[in-house]
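Structural features, examined
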Amino acid sequence: MSHRPSPVASWVCLLLRLAKPTECQRSLCLNKYRSSGTRQMSQTIQTSSAFIWGVSLAHFIQKHGKNVHALFFYSHGIVPIVEPEILPDGDHDLKRCQYVTEKVLAAMYKALSDHHVYLEGTLLKPNMVTAGHSCSQKNTPQEVAMATVTALRRTVPPAVPGVTFLSGGQSEEEASLNLNAINQCPLNKPWALTFSYGRALQASALKAWGGKKENGKACQEEFVKRALNNSLACVGKYVSAGDKGSAAGESLFVANHAY
């Protein structure tokens with residue numbers, strides 16, 4: 001029986017195969033993963049709050065070729081998920097993260113526009129605007145929400161249908177509370193604001209599992225719990241029970257994290 005690659009793993013394979021691609025290689029790769037059921041692929045751009053502004057951000061985006069990849073995705077019926085991430089490494093404050101996030105998003109959408117990318121057929125997967133992991137000042141979910149929504153309103157066209165936040169090293173509970181506050185934010189939000197978490201969906205489940213087959217049910221229950229909590233947060237109806245769970249309150253920050 002042939003192995004069908006999962007949609008979760010597909011974008012990893014794509015990035016590996018597109019290291020030095022020809023157009024034919026891109027087409028073969030995309031056709032393969034579309035036939036396996038894949039309909040979305042992510043394109044990651046990572047930078048830090050200490051990014052050196054001597055280099056044009058537009059050039060930085062162009063260099064990474066994400067806009068070109070998006071065009072190839074379209075031609076094969078796959079939705080491109082554009083993922084610009086401001087890493088949480090450092091002691092920068094909320095204001096600095098908002099500033100850098102706005103600059104990166106503005107440059108990215110300029111590049112996408114220059115390449116005539118159909119924005120209605122894309123999704124954005126950005127970081128939330130949060131202070132650096134080493135910052136001494138801790139912000140409330142409402143402060144994170146206001147900074148995040150303001151940054152999006154200044155840079156993301158209303159044509160983009162959805163924003164699917166990454167968790168960026170936040171604990172599971174932080175990610176849920178911040179997403180909930182974002183959806184409760186009183187500012188106008190023309191996009192669907194939802195989640196595309198990795199670590200902030202898996203930590204409690206993996207801890208409950210512990211690598212033991214007999215813990216499978218407990219693992220599933222933890223995963224469903226986090227998924228339901230975040231689903232409520234997507235409509236601003238999540239209320240924390242104060243139960244940190246097995247890992248929900250633990251920081252998931254990884255220094256110099258890379259995909």
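Residues numbered from 1 in each chain as written. Predicted model: local features only at pLDDT ≥ 70, side-chain atom pairs only at ≥ 80, totals over all residues. Heavy atoms only, no water.

**Points about the overall build of the protein**
Rules: Every helix listed is a DSSP run of H or I at least four residues long, and every strand listed is a run of E at least two residues long, numbered separately from the N terminus. Exposure is judged per residue with a 1.4 Å probe applied to protein chains only, and the accessible area is read against the type maximum: over 50% gives exposed, under 20% gives buried, and values in between give partly exposed. Note on definitions: a residue-residue contact is assigned when non-hydrogen atoms from the two residues lie within 4.5 Å. Note on areas: Shrake-Rupley with a 1.4 Å probe; residue coverage comes only from the protein chains shown.
Looking only at helices and strands, the protein features nine helices and five strands. Scored against the burial criterion, the 259 residues of the protein give a buried share of 47%. Partitioning the contacts of the protein with sequence separation of at least 6, the portion at a separation of at least 24 is 82%. As displayed, the protein has an accessible area near 13,000 Å², and 57% of this comes from carbon and sulfur atoms.

**Looking at the confidence of the model for the protein**
Put simply, the test is: Note: pLDDT gives the predictor's confidence per residue, expressed from 0 to 100.
Considering every residue of the protein, the mean pLDDT works out to 76; 64% of them sit at 70 or more. At the level of individual helices and strands, the protein shows its lowest average pLDDT in helix α1 (residues 7-17), which scores 33, and its highest in helix α6 (residues 141-155), which scores 98. When the criterion is pLDDT under 50, residues 1-30 qualifies, and its contacts beyond four places in sequence or with other chains add up to 35 contacts. Contacts for the low-pLDDT stretch residues 38-60, under 50 throughout, to residues beyond four places or in other chains number 74 contacts.

**A closer look at the packing of aromatic side chains**
One pair of aromatic rings is described through two measures. These are the centre distance and the angle between the planes. Cut-off, in case you're wondering: Only Phe, Tyr and Trp rings are paired, with Trp represented by its six-membered ring, and only when their centres lie within 6.5 Å; those with planes under 30 degrees apart are stacked, over 60 edge-to-face, the remainder tilted.
Enumeration according to the criterion identifies one aromatic pair in this entry. Consider the rings of Phe195 and Tyr197, whose centres lie 5.5 Å apart with planes at 45°: the pair is tilted. Judged by relative accessible area, which is 7%, Tyr197 ranks as buried.

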